[in-house]
Amino acid sequence: SRLWLVAGGGMATVRGDCQTCEVDPPYRHTGSVLVDVGYRVNSQMDVAADVFWVPLTAPDGKLDAVHINGVAQFRPWAGRGFFLKGGAGVALLTNWVDAAGTEPIAQKALSVVVGTGWAFRRDERVGWQVLFTQHAGAVGDLQTDSGSVPDVIGNFWSVGVGLVFR
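A. Seen up close, the overall build of the chain. The secondary structure content of the chain amounts to zero helices and eight strands. For the chain, the sequential pattern of α-helices and β-strands runs β-β-β-β-β-β-β-β. In terms of overall dimensions, the chain has a C-alpha envelope of 55 × 25 × 25 Å along the principal axes. When contacts within the chain are restricted to residue pairs at least 6 apart in sequence, long-range pairs at least 24 apart make up 58% of them.

In structure tokens form, the structure reads like this:
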């Protein structure tokens, strides 16, 4: 079959930032979950739907980010497992800054993903892959109970492993 599914998890580093922030936001570390459903176009190119979930609890609040992207995955060497991937979609963010008020904050953002990895046992029914990705969520103006924070972006770097089912 040309259809495939990847399900896996990894470690993510998260950092939010804005152009007018007076403090340097810290890097936070947490787990992440990745699910890809794809179609092999040819021996070097795949297209897929990529879902990446990052739950984070920090002393100053909670973040629940889900990135949903359409991606293209390219293998420069058809006989090797190395691949490059990139795409765009939407990020759904909840409780970005929990300390700003009593109500949860829900925002949508432009999501962009770039990454690379290596697939092992890529011609077998079940294989696995190691991947490194960066998901960026361009929120724009973040609405909080205390006002608007302009030009907010969230960066999500991850290293993970996934099982591949073909």
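B. Representation of the nonpolar core in the model. With 20 residues, the main nonpolar core has Val14, Val54, Leu63, Leu93, Val139 and Phe156 as its most contacted residues. Those elements that provide at least two residues to this core are strand E1 (3-18), strand E3 (45-58), strand E4 (61-74), strand E5 (82-94), strand E6 (106-120), strand E7 (126-144) and strand E8 (147-165). Those residues in contact with Leu93 that sit more than four places away from it in its chain are Leu63, Asp64, Ala65, Ile105, Ala106, Gln107, Ala109, Val139 and Phe156. The next biggest cluster of nonpolar side chains, apart from the first, holds six residues, and it includes Val6, Val71, Val113 and Val164.

C. Up close: the pairing of strand E2 (residues 28-40). Judged from the 12 bridges that link them, E1 and E2 form a sheet pairing that is antiparallel. Bridged to Leu3 within E2 is Tyr39. Of the strand pairs in this sheet, E2 and E3 are connected by eight bridges, and their pairing is antiparallel. Pairing of Tyr39 across the sheet is with Val47, part of E3. What sits between E2 and E3 in their antiparallel hairpin is a turn of four residues.

D. Fine view of the pattern of salt bridges. Following the criterion strictly, the structure yields six salt bridges and no others. With a closest N to O distance of 2.2 Å, Arg15 and Asp24 form a salt bridge. Overall, the relative accessible area of 64% leaves Asp24 in the exposed class. Lys85 is the partner of Asp36 in a salt bridge, and the nearest nitrogen-oxygen pair spans 2.9 Å. With Asp36 in strand E2 and Lys85 in strand E5, this residue pair connects regions lying 49 residues apart in the sequence. One salt-bridge network, held together by shared partners, links Arg40, Asp46, Arg75 and Asp123.

What counts as what
- Residues numbered from 1 in each chain as written.
- Predicted model: local features only at pLDDT ≥ 70, side-chain atom pairs only at ≥ 80, totals over all residues.
- Heavy atoms only, no water.
- Helix = DSSP H or I, 4+ residues; strand = E, 2+ residues; numbered from the N terminus.
- Contact = heavy atoms within 4.5 Å.
- Core = buried A, V, L, I, M, F, W, Y, C linked by side-chain atoms within 4.5 Å.
- Buried < 20%, exposed > 50% of the residue type's maximum accessible area, 1.4 Å probe, protein only.
- Pairing = 2+ DSSP bridges.
- Salt bridge = Lys/Arg side-chain N within 4 Å of Asp/Glu carboxyl O.

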